[in-house]
Amino acid sequence: MAQKPAIPKGTRDFLPSEVAKRNYLFETIKSVFRRYGYAPIETPSFELSTTLMGKYGDEGDRLIFRILNSGEKMRKADLDALASDNLPRFANSLAEKALRYDLTVPFARFVVQHQNELTFPFKRYQIQPVWRADRPQHGRYQEFTQCDVDVVGSESLLYEVELIQIFDEVLSKLGLPGFSILINNRKILSGIAEVSNQASRIVEFTVAIDKLDKIGEEGVVKELTEKGFGVEAIEKIRPLFAFQGSNSDKMELMRTYLAQSEIGQQGLDELQEVLDHIAELGLSKGELIFDLTLARGLNYYTGAIFEVKAHDVKMGSICGGGRYDDLTALFGLKGLSGVGISFGADRIYDVMTELNLFPSTLDKTLDILFINFGDTEARYSLQLLKEVRQIGLAAEIYPSVAKLQKQLKYANDRNVPYVVMIGAEEAASGMLGFKDMVSGQQAQISRADFLTKCAQLS
RNA sequence: GAGGUUGUAGCUCAGUUGGUUAGAGCGUCGGAUUGUGGUUCCGAAGGUCGCGGGUUCGAGACCCGUCUUCCUCCCCA
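This write-up is about the structure you can find in this document. It should be emphasised that the depicted structure is a prediction, and the values quoted were computed from it without experimental measurement. (Residues numbered from 1 in each chain as written. Chains lettered and ligands numbered in written order. Predicted model: local features only at pLDDT ≥ 70, side-chain atom pairs only at ≥ 80, totals over all residues. Heavy atoms only, no water.)

Let us now look at the protein's contact with RNA strand B. In the vicinity of RNA strand B lie 44 residues, with Arg132, His138, Arg296, Ser317 and Asn412 positioned nearest. Protein-proximal atoms of RNA strand B, defined as those within 4 Å of the protein, fall in sugar or phosphate at a share of 45%. Between RNA strand B and Arg135, the relevant distance is 3.1 Å, taken from a base oxygen to a side-chain nitrogen or oxygen of the residue. Glu426 is positioned such that a nitrogen or oxygen atom in its side chain is 3.1 Å from a base nitrogen of RNA strand B. Those elements that provide at least two residues to the surface near RNA strand B are α3 (57-62), β6 (143-152), β10 (319-324), α16 (404-413) and α17 (424-429). If you tally residues by element for the surface near RNA strand B, the top one is α16, at six residues. Of the residues assigned to the surface near RNA strand B, the class counts are 13 nonpolar, 13 polar and 18 charged. (Near = heavy atom within 4 Å. Polar contact = N/O pair within 3.5 Å; in protein donor to acceptor, adjacent residues only side chain to side chain. Helix = DSSP H or I, 4+ residues; strand = E, 2+ residues; numbered from the N terminus. Nonpolar A, V, L, I, M, F, W, Y, C, P; charged D, E, K, R; others polar.)

Structure follows, in structure tokens:
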């Protein structure tokens, strides 16, 4: 019985034209990564559940795809846990492997595991798919590709600067007309929590303040109240709702506000240093903005936090990243600070499609098509075809003796710029018909002239 | 995980309060035109109406379930 073809929700097939665009995207990204001295690594698409679980907070755990144990391993199911309603534990006993959720945590595992084989600071890039059991939406998939660059083994803020330059260079190179590179620092957020006496509830606080531009001041107050923040605490953070203006205006406000917080001042110092460097070096199309409401949920960032948003499109963040001081400590290696960023290739692809930024030349996968007029005539074409390929052009001969109309239509559909016709007449005379499919013009030229032309095209 | 929404030809979509044989455009294929494509004209093929159950004399349409799509939350690339 024929089965209706389908793929799981949140996943996609890629047609040749789409792969061409994706490769162009990846190649552009890679070329920049390499130029800044990063080398590629790869890690398995699935890890041990224990490697991933608990690293992304409760929300994150929910979104991790688990791989059901197979065969005899199914007997490991912890039925006691099920009976006592301990579903997380029961789930863990059913699945000892899980699809990776991002590239950062596996990277931390990789660094600890191979620490003796690496030179620090270790700079790597990694372009691989990740999976999230999220509900699909615009720009949101269950399988998508992340392009990460990270450096571990240095606390130098020069890397923050470098990564901002990479954001700017990649996205400018891809032709995005404008985008905002949002930056914040976890220490500033900690300082706010400290000043408002809510040090232990920083996550709830940051989640609420992250919505400032969405639900407004009243909404944030309401949400904080609902979460049990007292009137006093809310009054203490109210000055932050006026946070606006230039980066230096914002810095000034925060210097005053966080005057009593040591950690807050430290965060401001760090941010200031990065801002100064970038101001001096300049950016191409990007705009670096100090954004206090940027409080990404990932609970492993300890210093800088980044996020990038493209202008003029309705799309969430297209890039993210930040500094994490303790990530490798989770796998037993302390005192190793890391900082990294991630490009959301699929979202960038969607943005570029929407803004029509892909070069039209990407469609072309064939330079020359030889028309097939018959078995005898094709012999002449085959010899020439071989030489054309050696020159470096993509070329092929139509596989059967179909009507010329059909062969030309095929050339048309394939976006082939040139067609060569060698029929009985041409085979005898040593000439060939060379047709420009764009202009429609055709000329009889010698084989030598043809090969010269091919050499120019390659 | 919560709420809403969608599904009819390869694609985009019509389809009246439930009523005969479910339509159009685009695309595909064939022909006009045996060595000249994109334009034009003529013709043809192509549908378990997402899937399963129910109501009814009768369901593409109504009800229930399920999957899928898109959207708002949550969260994130």
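A few words now on a nonpolar patch on the surface. Residues Leu79, Leu82 and Leu87 make up a contiguous nonpolar surface patch of roughly 280 Å² in combined accessible area. Within the element layout of this structure, Leu87 appears in helix α5 (residues 87-94). (Patch = residues over 30% accessible without salt bridge, like charges linked within 9 Å, V, L, I, M, F, W, Y side chains within 5 Å. Areas by Shrake-Rupley, 256 points an atom, 1.4 Å probe, with all protein chains shown as cover. Salt bridge = Lys/Arg side-chain N within 4 Å of Asp/Glu carboxyl O.)

The next thing to look at is the packing of helix α8 (residues 186-195) against helix α9 (residues 202-209). Taken N-terminus to C-terminus, the directions of α8 and α9 make an angle of 105°; their axes are 10 Å apart at the nearest point. For the element pair α8 / α9, the angle class is roughly perpendicular. Within the contact between the two elements, α8 uses Arg186, Leu189, Ser190, Ile192 and Ala193 and α9 uses Ile202, Val203, Phe205 and Thr206. In the contact of α8 with α9, the residues fall into six nonpolar, two polar and one charged. (Axes fitted to C-alpha atoms, helices over the stretch in contact; angles between N-to-C directions. Parallel < 35°, antiparallel > 145°, perpendicular 65-115°, else oblique. Contact = heavy atoms within 4.5 Å.)

If you trace the eight strands from one edge of the open sheet to the other, you get β1-β5-β6-β11-β10-β9-β7-β8, paired in mixed fashion. Pairing within the sheet leaves two strands with one partner each, and these edge strands are β1 (39-40) and β8 (286-290). Summarising the sheet, strand β9 (residues 304-310) and β10 pair through four bridges and their orientation is antiparallel. Opposite Glu307, over in β10, you have Gly320 as the bridge partner. Across the face of the sheet, helix α14 (residues 345-354) comes into contact with β6, β9, β10 and β11 (338-344) while running at roughly 40° to β11. (Pairing = 2+ DSSP bridges.)

Read from one edge to the other, the open sheet built from five strands follows the order β13-β12-β14-β15-β16, with strand pairing classed as mixed. On the outer flanks of this sheet lie β13 (395-397) and β16 (442-446), each paired with one strand and no other. Averaged over all pairs of adjacent strands, the angle between strand axes in this sheet comes to 25°, irrespective of strand direction. Where strand β15 (residues 431-436) lies against β16, five bridges are found, and the strand directions are antiparallel. Considered in β16, the bridge of Phe434 is made with Ala443. Sheet strands touched by α16: β12 (368-371), β13 and β14 (418-421). Its angle to β12, the strand with the most contacts, is close to 170°. Contacts from helix α18 (residues 447-457) reach β12, β14, β15 and β16, with the element oriented near 110° to β16.

Per the counting criterion, the structure on display carries 18 aromatic pairs. Both rings, one in Phe33 and one in Phe343, keep their centres 5.8 Å apart while their planes meet at 50°; by these two values the pair is tilted. You can see Phe33 sitting in helix α1 (residues 16-35) and its partner Phe343 sitting in strand β11, a full 310 residues away along the chain. Since its relative accessible area comes to 0%, Phe33 is described here as buried. Overall, Phe343 belongs to the buried group, its relative accessible area being 0%. Clustering of aromatic rings is evident, with ring pairs tying together Phe33, Tyr125, Phe167, Phe306 and Phe343. Directly above the ring of Tyr141 sits Arg12, whose terminal nitrogen or CZ lies 3.7 Å from the centroid. Lying across the ring of Phe107, Arg124 places its NZ or CZ 3.9 Å from the centre. (Phe/Tyr/Trp six-rings, centres within 6.5 Å; stacked < 30°, edge-to-face > 60°. Buried < 20%, exposed > 50% of the residue type's maximum accessible area, 1.4 Å probe, protein only. Lys NZ or Arg CZ within 6 Å of the ring centre and 35° of its normal.)

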